[in-house]
Amino acid sequence: MREDSSAKRVVPVMVPMPADRPYSYAVPEGARVVPGSIVRVPLGPREVAGIVWDGPGGEVSAKKLRPISEVFDCPPVGEEVRRFVDWVAAYTLSPPGMVARMLLRAPAAFDPEPPIEGMRFVDGAGPDRMTAARARVLEMARDGQAWTRAGLAHAAGVSASVIEGLREQGVFETVAIPPQPVVAPPDPSYAGAELTADQERAAERLREKAGANAFTVTLLDGVTGSGKTEVYFEAVAAALERGKQVLILIPEIALTQAFLERFQDRFGAKPGEWHSDLAPRKRERVWRQVAEGQVRVVAGARSALFLPFRELGLIVVDEEHDPAYKQEDRVFYNARDMAVVRGHIGNFPVVLASATPSLESRVNANQGRYERIVLSARFADAALPDLATIDMRKAPPERGGFLSPVLIDQMKKTLARKEQSLLFLNRRGYAPLTLCRVCGHRFQCPDCSSWLVEHRFRGQLVCHHCGHNEPRPEACPECGALDHLVACGPGVERIAEEVDRHFPDARTIVLSSDMLGGVKRLRLELDAIAKGEADIIVGTQLVAKGHNFPAMTLVGVIDADLGLANGDPRAAERTFQLLAQVTGRAGRSGRKSLGLLQTYQPDHPVMRAIVTGDAEAFYEREIGERERAGLPPFGRLAGIIVSAATRQEAEGHARALRRAAPRSDTIDVLGPAEAPLALVAGRHRFRLLVQGTRRCDLQGYLRALLTAGPRPRGSIRVQVDIDPQSFL
DNA sequence: AGCACGCCGACT
DNA sequence: GTCGGCGTGCTC
């Protein structure tokens, strides 16, 4: 292409900040940039990495126009990925620059990985004096391979200074070792899967889908333990055989290390890993090698969706119903939905897998937009647990306790059989509310007015909403009474205390996300449980997620009703999913197992669905319920986050939004009572839920709010939690 | 999002 | 007299 050398070439560059369009930069003489090139550009007082975008550069005054400082030696970000960024930005009403920022999360990856300095034995060379240590080194190195200093020292069993001494004498020459792949390439035919007839049928259908260059969405719906993973691995194999890259999204991948091993068993190598807990160096290598196409399969958290794949050909979303797929800060998106969008843009298949699909995925399947494949039997020797409710009105716990005698009795039996029990309570800490018995004072968060949760182990009162914490006082701050503070209700710490009282000799472990020692410690504890080093596990919802506890034969749900009455339109659905997942932990090894739900509402549809195992009826009912309530078939909810400088101002906006809403809509302002105000960076935020908005209404309605309404001084952010399928 | 600039309270 | 809090505004 010939260019007029007198005119400066100007290109748009997406910079990682909330700009609603790319900025224009001049291309320096001789620089080669194409759309997708990653560049370093001056931005105000600093320099940032940006992506050259499409189209001609916008007009800027010559005074503002600054040149690109550097074009990184890095594969350009592909067209599909750029369209994806544009789409996500438009859909989530986020500035595209902020979406692009999610792509640029590995700063050091834009420069090629520097080769490692290695050393090689120089043929015929020898040291002045031979020693035993030197001889061992030469023995190892004589093969003429390149070694790293540390590697050679380790292999020869000597210290690095021995090697250094030999190098100084010219025995070794310095060579560059090219950067190694971060993972070995997976081999789709490494280990043939052993599948049941049921699984084989499902796998065959998925292979068909994944072997084609066409956008399809398949819902793989199978009870826990039915071998969904093995089945979708066959789709992964088919995509790999087609020469495509594959993305497997997994919620909380940092905790599901066992998944990587299962993958390795099938494909002979681990997948590339991607999550926020990854060491920076590893992160950069994965990013780079995904962009270069060296990494063929990534298993990652939701942010992996924004990796710069060059030839993505399949996305699997495991546990597609999991709320962890929602990002609820900065750019608001649901990774499951955006995966579908990514597949549409890239014209490739998407597989959504879950034992307890979301309502919207089920509706999409019912309406024929998704194909649904059902796996109804548990795999191999895994047996479904017997499930029953414990009516807490009839079998109440002893005074001051929370465990029904029925449950304690079963725990006793399980312990006697040397098997494991899991007690599940979705509440961290010791007690969710603390009050003064003298004056009735309740401890409340000063920032967001929700109750402070006592964490006895840490000796603190913690706000689970905004993270505020304070030491637990001895005296009531209101009336000054000493030793009259009383903990109300249970958290996992308190349940563990009760378990210790009943079973002082059992090995009890408490698992919750706020555990001291972080993810690393959690992984260790999970390993220990898998090895049978614990008898009783008391845990929050993180125990529901994909871990295999082979000796687990009793699952007790402490408060199965928790979460049913919180006003969330998804309460029943969420509770069903959680209870199904957690009771599914039992009986993986084929031993007879039991799941018990402590409830005050044994006749509630959720409890009935869990106990009878009739998920179909539950879904039908929930979907019907939505229809009867005049809500759209699949949980189309949109939330609006209003930021304002003061609480009064935010309330004013809430009123204005209510007035601006079309009459057919209902707007719930989730204020202090339901969803306490969060103080974020000095700004109050409200969340409004807009319900019952039809797709076409919604966009116009939001636009009206953004353009016509009283424009808030802060920002209005909109979270659109609608099935994006209807926008495609 | 960063980062600088700018205007009011407690201290080396 | 300054150091430092965060409110406001700008970035091609």
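Residues numbered from 1 in each chain as written. Chains lettered and ligands numbered in written order. Predicted model: local features only at pLDDT ≥ 70, side-chain atom pairs only at ≥ 80, totals over all residues. Heavy atoms only, no water.

### Topic: the protein's contact with DNA strand C
Here is step 1 of the chain: As a matter of local geometry, DNA strand C sits amid 13 residues, with Arg 21, Ser 24, Gly 44, Lys 64 and Arg 66 nearest to it.
Here is step 2 of the chain: Counted by atom, the contact set of DNA strand C within 4 Å of the protein is 57% sugar and phosphate.
Here is step 3 of the chain: Within the side chain of Arg 66, an N or O atom sits 2.5 Å from a phosphate oxygen of DNA strand C.
Here is step 4 of the chain: The element best represented in the surface near DNA strand C is strand 2 (residues 23-26), accounting for three residues.
Here is step 5 of the chain: Grouping the constituent residues of the surface near DNA strand C by class yields seven nonpolar, two polar and four charged. (Near = heavy atom within 4 Å. Polar contact = N/O pair within 3.5 Å; in protein donor to acceptor, adjacent residues only side chain to side chain. Helix = DSSP H or I, 4+ residues; strand = E, 2+ residues; numbered from the N terminus. Nonpolar A, V, L, I, M, F, W, Y, C, P; charged D, E, K, R; others polar.)

### Focus on the domain arrangement of chain A
Here is step 1 of the chain: Along its sequence, chain A is carved into domain 1 (2-104), domain 2 (116-177), domain 3 (197-379), domain 4 (382-427 + 491-624), domain 5 (429-489) and domain 6 (635-722).
Here is step 2 of the chain: Inter-centroid distance (C-alpha atoms) of domain 3 to domain 5 is 43 Å. (Domains from an automatic or database assignment.)

### A closer look at helix 8 (residues 257-267)
Here is step 1 of the chain: The set of residues buried in helix 8 consists of Phe 259, Leu 260, Phe 263, Arg 266 and Phe 267. Buried residues of helix 8, viewed axially, fall in a sector of 125 degrees; they line one side.
Here is step 2 of the chain: The inward-facing, buried residues of helix 8 abut helix 7 (228-241), strand 10 (245-249), strand 11 (272-274) and strand 12 (297-300).
Here is step 3 of the chain: In the stretch just after helix 8, Gly 268 is the one whose phi turns positive, near 75 degrees. (Buried < 20%, exposed > 50% of the residue type's maximum accessible area, 1.4 Å probe, protein only. Arc of directions from axis to C-beta. Contact = heavy atoms within 4.5 Å.)

### Re the environment of Ala 100
Here is step 1 of the chain: With respect to the helices and strands, the residue Ala 100 is situated in helix 2 (residues 96-103).
Here is step 2 of the chain: Considered as a pair, Ala 100 and Val 81 are 19 residues apart in the sequence and their alpha carbons are 9.7 Å apart.
Here is step 3 of the chain: Beyond its immediate sequence surroundings of up to four residues, Ala 100 is in contact with Met 14 and Val 85.

### Regarding the packing of helix 1 (residues 79-92) against helix 2
Here is step 1 of the chain: As a packed pair, helix 1 and helix 2 sit with axes 8 Å apart at the nearest point and diverge in direction by 135 degrees. Comparing the axis directions of helix 1 and helix 2 gives the class oblique. Helix-helix and strand crossings are classified by hand; for helix 1 and helix 2 the assignment is right-handed. On the side of helix 1, the interface is formed by Val 81, Val 85, Val 88 and Ala 89, while helix 2 contributes Pro 96, Val 99, Ala 100 and Leu 103.
Here is step 2 of the chain: Of the residues contributing to the contact of helix 1 with helix 2, the split by class is eight nonpolar, no polar and no charged. (Axes fitted to C-alpha atoms, helices over the stretch in contact; angles between N-to-C directions. Parallel < 35°, antiparallel > 145°, perpendicular 65-115°, else oblique. Left-handed = near helix turned anticlockwise from the far one by under 90°.)

### As for the UniProt feature "binding site: Zn(2+) 1" (unreviewed entry) in chain A
Here is step 1 of the chain: UniProt's entry tags Cys 436, Cys 439, Cys 476 and Cys 479 with the feature "binding site: Zn(2+) 1" (unreviewed entry), counted in the numbering of this structure. Spatially, the listed residues are clustered: although they cover 44 residues, their C-alpha atoms lie within 8.6 Å of one another.
Here is step 2 of the chain: As for its position among the elements, Cys 436 is in strand 20 (residues 433-436).
Here is step 3 of the chain: Excluding residues that lie within four positions of it along the chain, Cys 436 makes contacts with His 441, Cys 476, Cys 479, His 484 and Leu 485.
Here is step 4 of the chain: Inspection of the secondary structure puts Cys 439 in the loop between strand 20 and strand 21 (453-455).
Here is step 5 of the chain: The exposure class of Cys 439 is partly exposed, given its relative accessible area of 37%. (UniProt positions renumbered as here; feature names shortened; annotations may be inferred.)

### What about the sheet that holds strand 26 (residues 536-539)?
The pairing of strands in a sheet happens through backbone hydrogen bonds and is either parallel or antiparallel.
Here is step 1 of the chain: Spatial strand order, 18-28-27-19-26-25: six strands in an open sheet with parallel pairing. Strands at the two margins of the open sheet, each flanked by one partner only, are strand 18 (386-391) and strand 25 (508-511). This sheet shows a mean twist of 15 degrees between the axes of neighbouring strands, independent of strand direction.
Here is step 2 of the chain: Strand direction decides the pairing type here: strand 19 (residues 420-424) and strand 26, joined by four bridges, are parallel. The residue of strand 26 that forms the bridge with Phe 424 is Gly 539.
Here is step 3 of the chain: Packing of helix 13 (residues 492-502) onto the sheet brings it into contact with strand 19, strand 25 and strand 26, and relative to strand 26 it is tilted by some 160 degrees.
Here is step 4 of the chain: Contacting strand 19, strand 25 and strand 26, helix 14 (residues 518-530) crosses the sheet at an angle of about 140 degrees to strand 25. (Pairing = 2+ DSSP bridges.)

### Points about the environment of Ser 61
Here is step 1 of the chain: Examined against the element boundaries, Ser 61 turns out to sit in the loop between strand 4 (46-52) and strand 5 (66-67).
Here is step 2 of the chain: Between the alpha carbons of Ser 61 and Ala 184 there is a distance of 50 Å; along the sequence they are 123 residues apart.

### Considerations on the protein's contact with DNA strand B
Here is step 1 of the chain: All residues adjacent to DNA strand B are Met 17, Pro 18, Pro 45, Arg 46, Arg 101 and Arg 330.
Here is step 2 of the chain: Between DNA strand B and Arg 101, the relevant distance is 3.2 Å, taken from a sugar or linking oxygen to a side-chain nitrogen or oxygen of the residue.
Here is step 3 of the chain: Taken together, the residues of the surface near DNA strand B break down into three nonpolar, no polar and three charged.

### Quick look at the pairing of strand 19
Here is step 1 of the chain: With respect to burial, strand 19 is a largely interior element, five of its five residues being buried.
Here is step 2 of the chain: Bridge count for strand 19 against strand 27 (residues 552-557) is five bridges, and the pairing is parallel. Following the sheet pairing, Gln 420 is matched in strand 27 by Met 552.

### Concerning the side chain of His 321
Here is step 1 of the chain: Residue position: His 321 is located in the loop between strand 13 (312-318) and strand 14 (326-327).
Here is step 2 of the chain: Side-chain polar atoms of His 321 contact the side chain of Ser 354, separated by 2.7 Å.
Here is step 3 of the chain: Within the structure, His 321 has its side chain in polar contact with the side chain of Gln 581 (distance 3.4 Å).

### Side note on the packing of aromatic side chains
Here is step 1 of the chain: With the rule as written, the count across this model stands at twelve aromatic pairs.
Here is step 2 of the chain: Ring centres of Phe 233 and Phe 267 lie 5.6 Å apart, and the angle between their planes is 75 degrees; on these two criteria the pair is classed as edge-to-face. Separated by 34 residues along the polypeptide, Phe 233 in helix 7 and Phe 267 in helix 8 bring together distant segments of the chain.
Here is step 3 of the chain: Phe 233 sits in the buried class, given a relative accessible area of 2%.
Here is step 4 of the chain: Classification of Phe 267 by relative accessible area gives buried; the value is 1%.
Here is step 5 of the chain: With centroids separated by 6.1 Å and ring planes inclined at 75 degrees, the aromatic side chains of Phe 618 and Tyr 619 adopt a geometry described as edge-to-face.
Here is step 6 of the chain: Take Phe 618: its relative accessible area is 4%, and that puts it in the buried class.
Here is step 7 of the chain: Put simply, the rings of Tyr 232, Phe 233, Phe 259, Phe 263 and Phe 267 touch in pairs and so form one group of aromatic residues.
Here is step 8 of the chain: The ring of Phe 267 has Arg 266 sitting right over it, with the charged end atom 4.7 Å from the ring centre. (Phe/Tyr/Trp six-rings, centres within 6.5 Å; stacked < 30°, edge-to-face > 60°. Lys NZ or Arg CZ within 6 Å of the ring centre and 35° of its normal.)

### Quick notes on the side chain of Asp 535
Here is step 1 of the chain: One can find Asp 535 in the loop between helix 14 and strand 26.
Here is step 2 of the chain: Judged by relative accessible area, Asp 535 falls into the buried class, the value being 13%.
Here is step 3 of the chain: Apart from the residues within four sequence positions on either side, Asp 535 is in contact with Leu 415, Glu 419, Gln 420, Ser 421, Ala 506 and Arg 507.

### Remarks on the nonpolar core
Here is step 1 of the chain: Residues Leu 247, Leu 249, Trp 287, Val 298, Leu 305 and Ile 315 are the most contacted members of the largest nonpolar core, which totals 58 residues.
Here is step 2 of the chain: At six residues, the largest contribution of residues to this core is made by helix 1.
Here is step 3 of the chain: Mapped onto the domain boundaries, this core takes at least three residues apiece from domain 1 (2-104) and domain 3 (197-379).
Here is step 4 of the chain: When residues no more than four places from it in sequence are discounted, the contact partners of Leu 249 are Gly 300, Ala 301, Arg 302, Ala 304, Leu 305, Ile 315, Val 316, Val 317, Asp 318, Tyr 325, Ala 335 and Ala 339.
Here is step 5 of the chain: Counting 36 residues, the second-largest nonpolar core is a separate cluster that includes Phe 549, Phe 576, Ala 580 and Val 582. (Core = buried A, V, L, I, M, F, W, Y, C linked by side-chain atoms within 4.5 Å.)

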